[in-house]
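Architecture and fold: a report
Each chain, written out:
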Amino acid sequence: MFKKDIQPGSRSKVKSSVQRGLRAKFIETYPGFEPYIEEIIPKKASLEAVKLPDRATLYAIDSIPLFFQPFDGPPIPHLKLVHSFPDAIPTIGIDRGAIRFVLSGAALMVPGLTSAGGSLPEKEKALNDGDVVAVTAEGKEEVCMVGQLKMGTEEMKTKNKGIAIDAGHYLGDGLWKMTLD
């Protein structure tokens, strides 16, 4: 989605009523962020909307990116926010062999998650098609990608092929490198 460098588009202040709605939608989508929401989006803070390519909008406070929202999708937390609160969204893990592909912008394939070095949640905590997840890499500490699942984790375990995440926000992509100063 953000493979190339991005120049931020027009910026605008978000009205407080819209900000309350975005805040509520963010908590509804990611209940794990609720204990930290005052730290992430304080009620009196001035939230900015920055236009991005592909009809997406990035929301930031004081030039710190918080989350972006594709035109037809849910709000997706920026990697910098996920690094600050790593336990706030569900996590899956890729094996060592998938790291270079993910960090070059390729789609995340199911075998990278189902192999010996990959990790998917237990059946009780299964994730569904459309859920947004953080992706960790085998042997690494930081989350390397955030994206929306194309199929549920139980389906991944049974099929063991196909695309898990089509296009996500990953370390080193245009959104990661973009500065808002």
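Thresholds, definitions, all that
- Numbering of residues starts from 1 in each chain and follows the order in which that chain's sequence is written.
- Reporting in this predicted model follows two pLDDT cut-offs: at least 70 for local features of residues, and 80 or more for side-chain atom pairs to be given and counted; totals over whole chains, interfaces and linings ignore these cut-offs and use all residues.
- Values shown for side chains rest on all heavy atoms present in the structure; no hydrogens or waters enter the calculation.
- How far each domain reaches was decided by an automatic or database domain assignment.
- The contact criterion used is simple: two residues touch if any of their non-hydrogen atoms lie within 4.5 Å.
- Buried area: the accessible surface (1.4 Å probe) lost by two parts on joining, summed over both.
- Salt bridges are defined by distance alone: a side-chain nitrogen of Lys or Arg within 4 Å of a carboxyl oxygen of Asp or Glu.
- Any pair of N or O atoms that falls within 3.5 Å is considered a polar contact. Within protein, one atom must be able to donate a hydrogen and the other to accept it, and sequence-neighbouring residues count only if both atoms are side-chain atoms.
- For the purposes of this entry, the term helix denotes a DSSP run of H or I that reaches at least four residues, the term strand denotes a run of E that reaches at least two, and both are numbered from the N terminus.
- Think of a 1 Å grid over just the protein atoms. A cavity is a set of points where a 1.4 Å probe fits yet cannot get out, a pocket is an open set with protein on both sides within 12 Å along at least five of seven lines, and lining residues have an atom within 4 Å of a point.
- Grid points are joined across faces, edges and corners, and a volume is the space filled by probe spheres set on the points.
- Lys, Arg, Asp and Glu make up the charged group, whereas Ala, Val, Leu, Ile, Met, Phe, Trp, Tyr, Cys and Pro make up the nonpolar group; the residues left over, Gly among them, are polar.
- Remark: exposure states derive from per-residue accessible area (1.4 Å probe, protein chains only) relative to the maximum for the residue type, with buried under 20%, exposed over 50%, and partly exposed in between.

1. A look at the domain arrangement of the chain
The assigned domain composition of the chain is domain 1 (10-84) and domain 2 (91-170). Each of domain 1 and domain 2 was reduced to a C-alpha centroid, and the two centroids are 24 Å apart. Counting residues at the interface gives nine residues for domain 1, matched by ten residues for domain 2. When the area that domain 1 buries against domain 2 is broken down by residue, the three leading residues are Ile76, Leu79 and His83, summing to 53%. Put simply, domain 1 and domain 2 have zero salt bridges between them. Across the contact surface, domain 1 and domain 2 share three residue pairs in polar contact (both at pLDDT 80 or more). When residues of the side of domain 1 that touches domain 2 are traced back to their parent elements, those giving at least two are strand S5 (76-77) and helix H3 (79-84). Counting residues per element, the side of domain 1 that touches domain 2 draws most heavily on H3, at three residues.

2. Describing the layout of surface pockets
In this structure, the largest pocket encloses a volume near 290 Å³. Around the largest pocket, the lining is made up of 17 residues, and of these Pro70, Ile76, Gln148, Lys150 and Ala167 lie nearest the centre. Mapped by element, the contributors of at least two residues to the lining of the largest pocket are strand S4 (64-70) and strand S9 (143-148). When its residues are assigned to classes, the lining of the largest pocket shows seven nonpolar, six polar and four charged.

3. Remarks on the pattern of salt bridges
According to the stated counting rule, one finds six salt bridges in the structure shown. Here Asp5 makes a salt bridge to Lys177, at a shortest N to O gap of 3.8 Å. Of this pair, Asp5 sits in the segment before strand S1 (11-13) while Lys177 sits in helix H7 (residues 174-177); the two residues are 172 residues apart in sequence, bridging distant segments of the chain. With a closest N to O distance of 3.9 Å, Glu48 and Lys13 form a salt bridge. Residue Glu48 is located in strand S2 (residues 47-52), and its partner Lys13 is located in strand S1; the two are separated by 35 residues in the primary sequence. Under the relative-accessibility criterion, Glu48 is labelled buried at 14%. Residue Lys13 is classed as exposed on the basis of its relative accessible area, which comes to 57%. Linked by salt bridges that have partners in common, Arg11, Lys13 and Glu48 make up one network.

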